[in-house]
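Chain and residue survey
This is what each chain is made of:
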Amino acid sequence: MSVHLDPSLYLKNQSSERTPSTNLGKDEFLKILMTQLQNQDPSNPMDDKQFISQMAQFSSLEQTMNMAKSIDRLVESQLMSPVIQYSHMIGKEVTYQSFDKETGEKSDIVSSKVISVSQSEGWAVLELENGEKIFADAAMEVSDPTTEDKEED
């Protein structure tokens, strides 16, 4: 039985070029600190003030990294599609100010049930049972029609 090794695994075929990481994370910082502690001169140990200062830097670094992750999550949540953000409106009854299509003047306050949600230029558009389409921020009131029906009985 013969064993064949993949030639790409030979040391001579490995890339000898190292690409250093541009990130110095908390793991790398801890490794540097541990190496520094292990290799200090026993007759002249590291000044405790210097050690406390480095630990404070480490703590600050970790808090900054956690804050950066939180900001990334916040940005991602803000980028959520308006359709997804307003999908809970389907089946709800919205009350809104209607406008006369010819004159553009205010007419009646109208209520209708939301049957679908779409998006137009980044804005959520509610399609209503009465055939109208309104921007989500034009809704003056949102209610659950099933609870209103029960109250009337």
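Described in the following lines is the structure provided in the data block. Computed from a predicted model, the values in this text were never measured in an experiment. (Residues numbered from 1 in each chain as written. Predicted model: local features only at pLDDT ≥ 70, side-chain atom pairs only at ≥ 80, totals over all residues. Heavy atoms only, no water.)

**Notes on the pairing of strand β1 (residues 93–99)**
- Judged from the 6 bridges that link them, β1 and strand β2 (residues 106–120) form a sheet pairing that is antiparallel. When the bridges of β2 are listed, Gln97 appears paired with Ile109.
- Following β1, the chain reverses through 6 residues before pairing antiparallel with β2; Gly104 in that reversal takes a positive phi of roughly 80°.
- Sheet analysis places β1 next to strand β5 (residues 139–143), joined by 4 bridges and oriented antiparallel. (Pairing = 2+ DSSP bridges. Helix = DSSP H or I, 4+ residues; strand = E, 2+ residues; numbered from the N terminus.)

**Re the nonpolar core**
- In terms of nonpolar packing, the biggest core is built from 10 residues, these being Met89, Val94, Tyr96, Val114, Val117, Ala124, Leu126, Leu128, Ile134 and Ala136.
- The set of elements that each furnish at least two residues to this core consists of β1, β2 and β3 (123–128).
- Among the elements that line this core, the one with the most residues is β3, at 3 residues.
- Sequence-distant contacts of Leu126, defined by excluding residues within four places in its chain, comprise Met89, Val94, Val114, Ser116, Val117, Glu132, Lys133, Ile134 and Ala136. (Core = buried A, V, L, I, M, F, W, Y, C linked by side-chain atoms within 4.5 Å. Buried < 20%, exposed > 50% of the residue type's maximum accessible area, 1.4 Å probe, protein only. Contact = heavy atoms within 4.5 Å.)

**Concerning the pattern of salt bridges**
- This structure, assessed with the given rule, holds 1 salt bridge.
- Salt-bridge contacts for Lys92 lead to Asp144; the nearest nitrogen and oxygen are separated by 3.8 Å. In this pair, Lys92 is assigned in the loop between α3 (82–85) and β1 and Asp144 in the loop between β5 and α4 (145–152), connecting sequence segments 52 residues apart.
- The exposure class of Lys92 is partly exposed, given its relative accessible area of 25%. (Salt bridge = Lys/Arg side-chain N within 4 Å of Asp/Glu carboxyl O.)

**Focus on the sheet that holds β2**
- Taken in spatial order, the 5 strands line up as β4-β3-β2-β1-β5 in an open sheet, and their pairing is antiparallel. Edge positions in the sheet fall to β4 (133–135) and β5, since each has one partner strand and no second. Strand after strand, the sheet turns through a mean of 45° between neighbouring axes, direction not considered. (Axes fitted to C-alpha atoms, helices over the stretch in contact; angles between N-to-C directions.)

**Looking at the environment of Val110**
- Looking at the element boundaries, Val110 is found in strand β2.
- Here the alpha-carbon distance between Val110 and Val94, two residues 16 residues apart in the chain, equals 8.2 Å.
- Here Val110 is in contact with Val94, Thr95, Tyr96, Ser98 and Asn130, once residues within four sequence places are set aside.

**Notes on a nonpolar patch on the surface**
- Taken together, Met67, Ile71 and Val75 make up a surface patch of nonpolar side chains, about 270 Å² in accessible area.
- Following the sequence through the fold, Ile71 ends up in helix α2 (residues 48–78).
- Judged by its relative accessible area of 46%, Ile71 falls in the partly exposed class. (Patch = residues over 30% accessible without salt bridge, like charges linked within 9 Å, V, L, I, M, F, W, Y side chains within 5 Å. Areas by Shrake-Rupley, 256 points an atom, 1.4 Å probe, with all protein chains shown as cover.)

Without other data, these values stay purely geometric and don't point to any function.
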